[in-house]
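Fold and contact review
Each chain, letter by letter, is given below.
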Amino acid sequence: MASFLLVGMMPSKAVAGPIKLKYANFPPAPTFPCVQMERWKKEVEKRTKGKVSIDTFPGGTLLKAKQMMDGVIAGVADIGCLCMAYQPGRFLMTNAISLPLGIPNATVGSLVLWDLYEKYKPKAFSKVKVLTMFTTAPSNIMSKIPIRTLEDLKGVPIRASGGAAQILKAWGANRVGMPMPQTPEALQKGVVKGLFSSLEVMKDFKFAELCKYVTMTQVPVYPFAVVMNMNSWNKLPKDVQKVMDDLRVEQARWTGEYMDNHVKEAMAWSVKKQGVKVITLSPEEQARWNKLLEPIVYNWVQKMMGKGIPAQQIVTDIRTLIQKYQ
Ligand code: 3IO
């Protein structure tokens, strides 16, 4: 009893071991959202000199793709990595990064997305602490059949989410929405004939074994956020908070650069080892595809202004920030 009282009176820092945090992620461990998770974990543990210990849960073992935000708010996990495209109606402002505005790569996409978040601090994130954001590299069509023209694509079931699904629809494909972890089975069963996402998945999910064609479109990126339960954040010592705050932009850039390099590596492997054919649209065909994307930005601005979002300013900001980081 006496020792219990004594321990209870001591400052918690002196008696407790490291602060333990649970970090949930939805796709399998070898994929890029989990690679960046392990990098962040390692850096935080190192920079806090062992004050913090992070348990990572890849593969949806703690929270699945669409549960991530609510699961973190509820405290099922302290930290969660989510893809905003899976709840497009929830992350209206930051999903603007998926408009066809010419983001050239994941590094630029990630830095632009972070600045956009910092400027607008959207309500969608008011219940959590945002630890970083990043985007994929631009999307391309990976398919079982060759797609060289809009006619080849018409009515073909292709998997995509959020802004990417809007773009596929404009091109006339039969877009099928589902989170990435469900895609291997959908491809295997033939529910879809391809997918529309960044190309590192050709290697990381072995899609190159099924999808022998890649049609280069280089639009759009998918946006991600890493969020922390507000209570878990508020309980952290100030010096630990500072380590995490100092990592916000650094982690965005690191993830973008990792993604951009990994896309190159994955495509070299796909072409060399899997015999994948890369299709570049002819200039005339590219012009037809581009033409169909023209109304998307305008329509998005109209729709968002109706919801009180400064949509035109957001589009202008994205364009300016692309120039800044390019
Ligand atoms: C993605 C999601 C999980 C693992 C690897 C990934 N590469 C690109 C994405 C983007 C995305 O969320 C999606 O659904 O295409």
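Please refer to the structure placed before this passage.
Residues numbered from 1 in each chain as written. Predicted model: local features only at pLDDT ≥ 70, side-chain atom pairs only at ≥ 80, totals over all residues. Heavy atoms only, no water.

Around the ligand, the structure places 17 residues, and the nearest of them are Cys83, Tyr86, Arg159, Ser197 and Glu200. A distance of 2.8 Å separates an oxygen atom of the ligand from a polar side-chain atom of serine 197. Taking glutamate 200, its side chain carries an N or O atom lying 2.7 Å from a nitrogen atom of the ligand. Relative to its free-state accessible area of 350 Å², the ligand is covered by the protein chains to the extent of 100%. The pocket occupied by the ligand, as judged from atoms lying within 2 Å of grid points, is the largest cavity. Here the shell around the ligand is composed, by residue class, of 11 nonpolar, four polar and two charged. The two domains that each donate at least three residues to the shell around the ligand are domain 1 (17-136 + 222-262) and domain 2 (139-220 + 276-300). (Near = heavy atom within 4 Å. Polar contact = N/O pair within 3.5 Å; in protein donor to acceptor, adjacent residues only side chain to side chain. Areas by Shrake-Rupley, 256 points an atom, 1.4 Å probe, with all protein chains shown as cover. 1 Å grid on protein atoms, 1.4 Å probe; cavity = no way out; pocket = protein on both sides within 12 Å on 5 of 7 lines; lining within 4 Å. Sits in = over half its atoms within 2 Å of the grid points. Nonpolar A, V, L, I, M, F, W, Y, C, P; charged D, E, K, R; others polar. Domains from an automatic or database assignment.)

A word on empty space enclosed by the protein. All told, the structure shown has three cavities of 30 Å³ or more when counted by the stated rule. Empty space within the largest cavity amounts to approximately 120 Å³. Taken together, 16 residues make up the lining of the largest cavity; nearest its centre are Phe32, Tyr86, Met180, Ser197 and Phe224. For the lining of the largest cavity, the per-class residue count stands at 10 nonpolar, four polar and two charged. Both domain 1 (17-136 + 222-262) and domain 2 (139-220 + 276-300) contribute no fewer than three residues apiece to the lining of the largest cavity. The computed volume of the second largest cavity comes to approximately 40 Å³. Along the walls of the second largest cavity sit Ile97, Leu99, Pro100, Leu101, Gly102, Ile103, Gln218, Val219, Pro220 and Val221, which together make up its complete lining. Its residues assigned to classes, the lining of the second largest cavity comprises eight nonpolar, two polar and no charged. Looking at the lining of the second largest cavity, you find at least three residues from each of domain 1 (17-136 + 222-262) and domain 2 (139-220 + 276-300). (Points joined across faces, edges and corners; volume = space filled by probe spheres on them.)

Another point: the layout of surface pockets. Rolling a probe over the atoms, with the probe sized like a water molecule, indicates the empty space that remains. Put simply, the largest pocket is a space of about 560 Å³. Taken together, 22 residues line the largest pocket, and the ones lying closest to its centre are Gly162, Gly163, Gln166, Trp300 and Lys303. Of all the elements in the fold, those that place two or more residues in the lining of the largest pocket are helix H7 (162-170) and helix H12 (283-305). Ranked by the residues each element gives to the lining of the largest pocket, the list is headed by H12, at seven residues. A class-by-class count of the residues in the lining of the largest pocket yields 11 nonpolar, seven polar and four charged. Mapped onto the domain boundaries, the lining of the largest pocket takes at least three residues apiece from domain 1 (17-136 + 222-262) and domain 2 (139-220 + 276-300). (Helix = DSSP H or I, 4+ residues; strand = E, 2+ residues; numbered from the N terminus.)

Read across the open sheet, the five strands follow the order E2-E1-E3-E10-E4; overall the sheet is mixed. Strand pairing shows two members of the sheet lacking a second neighbour, strand E2 (52-57) and strand E4 (128-135), which therefore form its edges. Geometrically, the sheet is characterised by an average inter-axis angle of 20° between neighbouring strands, direction not taken into account. Relative to strand E3 (residues 79-83), strand E1 (residues 19-24) runs parallel, the two being bridged by two bridges. Within E3, the position partnered with alanine 24 by the bridge is glycine 80. Of the strands in this sheet, E1, E2, E3, E4 and strand E10 (223-229) are in contact with helix H3 (residues 32-47), which crosses E2 at around 170°. (Pairing = 2+ DSSP bridges. Axes fitted to C-alpha atoms, helices over the stretch in contact; angles between N-to-C directions. Contact = heavy atoms within 4.5 Å.)

This next bit is on the sheet that holds strand E6 (residues 157-159). By definition, the strands of a sheet pair up through backbone hydrogen bonds, in either a parallel or an antiparallel sense. The six strands lie next to each other as E7-E6-E8-E5-E9-E11, forming an open sheet whose pairing is mixed. Two strands bound the open sheet, and with one partner strand each, they are strand E7 (174-176) and strand E11 (277-280). For this sheet the average axis-to-axis angle between neighbouring strands, irrespective of direction, equals 30°. Sheet topology places E6 next to strand E8 (residues 194-197); two bridges connect them, and they run parallel. Bridging across to E8, isoleucine 158 finds its partner in glycine 194.

So, on to the side chain of serine 143. On the secondary structure map, serine 143 appears in strand E5 (residues 140-143). Ignoring sequence-local partners within four residues, the contact set of serine 143 consists of Lys193, Gly194, Cys211, Lys212 and Tyr213.

Grouped together as the largest cluster of nonpolar side chains are 109 residues, with contacts concentrated most on Phe125, Trp171 and Met244. Here this core gathers at least three residues from each of two domains, domain 1 (17-136 + 222-262) and domain 2 (139-220 + 276-300). Not counting chain neighbours up to four residues away, the residues in contact with methionine 244 comprise Leu21, Trp40, Val44, Leu131, Met228, Trp233 and Leu236. (Core = buried A, V, L, I, M, F, W, Y, C linked by side-chain atoms within 4.5 Å. Buried < 20%, exposed > 50% of the residue type's maximum accessible area, 1.4 Å probe, protein only.)

It is worth spelling out the packing of aromatic side chains at this point. In this structure the tally under the stated criterion is 13 aromatic pairs. On the basis of an interplanar angle of 15° and a centroid distance of 5.4 Å, the ring pair of phenylalanine 134 and phenylalanine 224 is categorised as stacked. A residue pair is termed long-range when its members are at least 10 positions apart, and phenylalanine 134 in strand E4 and phenylalanine 224 in strand E10 qualify at 90 residues. The class of phenylalanine 134 is buried, set by a relative accessible area of 0%. Each ring, one from tryptophan 171 and one from tryptophan 289, has its centre 4.8 Å from the other, and the planes form 55°; the classification is tilted. Of this pair, tryptophan 171 sits in the loop between H7 and E7 while tryptophan 289 is found in helix H12, placing the two residues 118 residues apart along the sequence. In this structure tryptophan 171 comes out as buried when scored by relative accessible area, which is 4%. Among the residues examined, tryptophan 289 registers a relative accessible area of 0% and is labelled buried. Three or more aromatic residues link up through ring pairs in this structure, and these residues are Phe26, Phe32, Tyr86, Phe134 and Phe224. (Phe/Tyr/Trp six-rings, centres within 6.5 Å; stacked < 30°, edge-to-face > 60°.)

Any functional reading would require information that these geometric values do not contain.
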